[in-house]
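Letter by letter, the chains look like this.
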Amino acid sequence: MALHMAVEVVRDSETSLTAQIQSFIKREISEGILHPGTRLPSSRRLAHDLDVSRSVVVEAYGQLVAEGYLEATQGAGTRVVTHIDAAPPVVPTLLDEGGHVPAVRWDLRTGGRNLPAFPRREWLGCYQRVLQSAAPADHDYPPLAGEPGLRAELARYLGRVRGVRATADQVMVVAGFAQALGLLCAVLRQDGTGALGIEDPGHPGQRQFVQESGVRPVPVPVDEEGIDVEALAGTGVSAVLVTPAHQFPTGAVLSARRREALVRWARDTGGLIIEDDYDGGLWYERGPRPLALQRLAPDHVVYAGTASKSLAPGLRLGWLAAPPDLLAQLLRTRARHDLGTESLTQLAFAELLRSGLFDRHLRRLNAHCRDRRDTLEEAVRRYLPGARVIGRAAGLHAYVGLPRGTDEAALVAAALRRSVVVRGGAAYHVRPRWDAPALVVGHAHLPRSGVAEAVRAIGEARRLR
Ligand SMILES: Cc1ncc(COP(=O)(O)O)c(C=O)c1O
């Protein structure tokens, strides 16, 4: 393999060429520029490229092997050793799960892994069609607000399925809800809005993300009807982040009464509502489902959705619909950060929407999740008497209320000893409700038998603790 490597050597130096090569490679490894496991060129190739004698390189490599920087394996050449301490990876605030979790049999945490299979065949078909028909302009930088074809499909889809009131030019494609929230926080800061109401309980990463974006998160309590609007009004904030369709993590659906009250609050105060419709495509109860809050007050609500819960978080694909002035501000802010969302993914998603394959995928996903939810309910009845599944109409996870008096933290610890990692309700609260212990159980990614087994293990943990 004719590998190349950039090495700086000075010919008329007092330091020998061997020592120069040796110290250069050592420095590059120490500074993380040459990464663990990197394969280096053969001594013959490097000597040729540097125009030095081969013995110079052989000696330098030999010294570095002796000092533990490189390893030479017969047939596999010379590599940087893999066990050198590299800088710890930066974990995004939204994904920081608070430390190391040992390998376990059942991981019930919500988040990226809590998703059933990706619709590979459908995606591949759409991607292929897009690639076959892509014009040269489709490989250019995408428009910052998103590919026009996807914005049009999203406007149609969101109107049809979620009742969102938006034309295509009020829709913006973003890199997941994370980017929508980052941009919104930046705009709030620019406008002098220093605080954002957030639901308590809510997404702990979002709370920290808002804080680190320079906006003060102000917790507002949630009950079985969703966010407490009176309490919100009492905080004096002028913007709030809510999950009305399926409160995260309790699963409460914002009641009609509260929806009206929330919209009234926004109109009376000139407030802004950020509607995080993170699992908007999921609803597995029969009968009508709540539509987007945005439709009630499109001038006061930014609606935001994501493909993370229906397709895959790795796509980094999300969308928002905002009042025109705010959308323009969001675009101006984004213009300082990136050059848009990857275009082929956008076009493939537009094709998935246009062809109806996304609707079909959601039907299957909903049937799958309903099945896991039913299995969870049955397992909770059987192995966790006195507990009950709350917020059962939708989602990839469920909130399991435990009987009063249960020591939630001790149960979480005992479950881990039985190889089940599950978070308690306290992990999502700013002000933990020890009088209402709970578990947040991601179920969608598990086989049916896995849901039952994991809950049985938690039940044993509770009995035998
Ligand atoms: C409450 C909530 N909102 C939004 C998201 C999706 O974020 P993103 O679109 O950045 O993946 C998640 C994902 O876990 C979530 O839990």
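Residues numbered from 1 in each chain as written. Predicted model: local features only at pLDDT ≥ 70, side-chain atom pairs only at ≥ 80, totals over all residues. Heavy atoms only, no water.

It is worth spelling out the nonpolar core at this point. It is characteristic of soluble globular proteins that their nonpolar side chains tend to be buried jointly. Judged by nonpolar contacts, the single largest core of 35 residues is most densely connected at Leu154, Leu311, Phe349, Leu352 and Phe358. The element best represented in this core is helix H5 (residues 148-162), accounting for six residues. Not counting chain neighbours up to four residues away, the residues in contact with Phe358 comprise Tyr157, Ser310, Leu311, Phe349, Leu352 and Leu353. The next biggest cluster of nonpolar side chains, apart from the first, holds 27 residues, and it includes Val174, Phe177, Leu196 and Leu327. (Core = buried A, V, L, I, M, F, W, Y, C linked by side-chain atoms within 4.5 Å. Buried < 20%, exposed > 50% of the residue type's maximum accessible area, 1.4 Å probe, protein only. Helix = DSSP H or I, 4+ residues; strand = E, 2+ residues; numbered from the N terminus. Contact = heavy atoms within 4.5 Å.)

Running from N to C, helix H1 (residues 17-30) and helix H3 (residues 54-66) cross one another at 45°; their axes reach a closest spacing of 8 Å. The angle between H1 and H3 places the two elements in the oblique class. Our pair here, H1 against H3, has a crossing hand that is right-handed. The residues of H3 that touch H1, namely those facing Leu17, Thr18, Ile21, Gln22, Ile25 and Lys26, are Val56, Val57, Glu59, Ala60, Tyr61, Gln63 and Leu64. Residues that form the contact of H1 with H3 fall into these classes: eight nonpolar, three polar and two charged. (Axes fitted to C-alpha atoms, helices over the stretch in contact; angles between N-to-C directions. Parallel < 35°, antiparallel > 145°, perpendicular 65-115°, else oblique. Left-handed = near helix turned anticlockwise from the far one by under 90°. Nonpolar A, V, L, I, M, F, W, Y, C, P; charged D, E, K, R; others polar.)

So, on to the environment of Arg156. Summarising the element assignment, Arg156 is placed in helix H5. In this structure Arg156 comes out as exposed when scored by relative accessible area, which is 52%. Each C-alpha atom, one on Arg156 and one on Ala409, is 46 Å from the other, the two residues being 253 residues apart in sequence. Engagement of the side chain of Arg156 in a polar contact is seen with the side chain of Glu153, the distance being 3.0 Å. (Polar contact = N/O pair within 3.5 Å; in protein donor to acceptor, adjacent residues only side chain to side chain.)

Moving on, we get to helix H10 (residues 324-334). If you check which residues of H10 are buried, you get Leu326, Leu327, Gln329, Leu330, Thr333 and Arg334. Here the buried residues of H10 occupy an arc of 160° about the axis, which is enough to place them on one side. Among the exposed residues of H10, those pointing more than 90 degrees away from its buried face are Pro324, Asp325 and Arg332. Buried residues along H10 sit in contact with H5, strand S4 (171-174), helix H6 (176-190), strand S9 (272-276), strand S10 (301-306) and strand S11 (318-321). (Arc of directions from axis to C-beta.)

Glancing now at the site of the ligand. As a structural note, the neighbourhood of the ligand is formed by Gly176, Phe177, Ala178, His203, Gln206, Phe248, Asp276, Tyr278, Thr306, Ser308, Lys309 and Arg316. Taking Ala178, its main chain carries an N or O atom lying 2.9 Å from an oxygen atom of the ligand. Between the ligand and Gln206, the relevant distance is 3.2 Å, taken from a nitrogen atom to a side-chain nitrogen or oxygen of the residue. Grouping the amino acids of the shell around the ligand by side-chain chemistry returns four nonpolar, five polar and three charged. (Near = heavy atom within 4 Å.)

Opposite charge on two side chains makes pairing possible when the charged atoms of those side chains draw close. What the rule picks out here adds up to 26 salt bridges. Ionic pairing is found between Glu153 and Arg156, a salt bridge with its closest N-O pair at 3.0 Å. Of the two residues, Glu153 and Arg156 are both situated in helix H5; the distance of three residues between them amounts to about one turn of the helix. Under the relative-accessibility criterion, Glu153 is labelled buried at 14%. In this structure, Arg456 and Glu460 form a salt bridge, with 3.7 Å as the shortest nitrogen-oxygen distance. Of the two residues, Arg456 and Glu460 both sit in helix H14 (residues 448-464), four residues apart, roughly one turn of that helix. Residue Glu460 is classed as partly exposed on the basis of its relative accessible area of 25%. (Salt bridge = Lys/Arg side-chain N within 4 Å of Asp/Glu carboxyl O.)

A few words now on the packing of H6 against H10. Two packed helices can be described by the angle between their axes and the distance between those axes. At their nearest, the axes of H6 and H10 sit 9 Å apart, and the two run at 100° to each other. In terms of axis orientation, H6 runs roughly perpendicular to H10. Residues Gln179, Leu183, Leu184, Ala186, Val187 and Gln190 of H6 form the contact with H10, whose participating residues are Leu326, Gln329, Leu330, Thr333 and Arg334. A per-class count over the contact of H6 with H10 returns six nonpolar, four polar and one charged.

A few words now on the pairing of strand S13 (residues 397-401). Of all five residues in S13, five are buried, a share of seventy percent or more. Across three bridges, strand S12 (residues 388-390) lies against S13 in antiparallel orientation. Its bridge partner lying in S13, Arg388 is registered against Gly401. The pairing of S13 with strand S16 (residues 438-442) spans five bridges and is classified as antiparallel. Across the sheet, the residue bridging to His397 is Gly442, located in S16. (Pairing = 2+ DSSP bridges.)

Read across the sheet, four strands follow the order S12-S13-S16-S15 without closing on themselves; strand pairing throughout is antiparallel. Two strands bound the open sheet, and with one partner strand each, they are S12 and strand S15 (423-424). Bridge count between S15 and S16: two bridges; the pairing is antiparallel. Note on S16: the bridge partner recorded for Arg423 is Val440. Its contacts with the sheet put helix H12 (residues 357-383) on S12, S13 and S16, and the angle it makes with S12 is roughly 145°.

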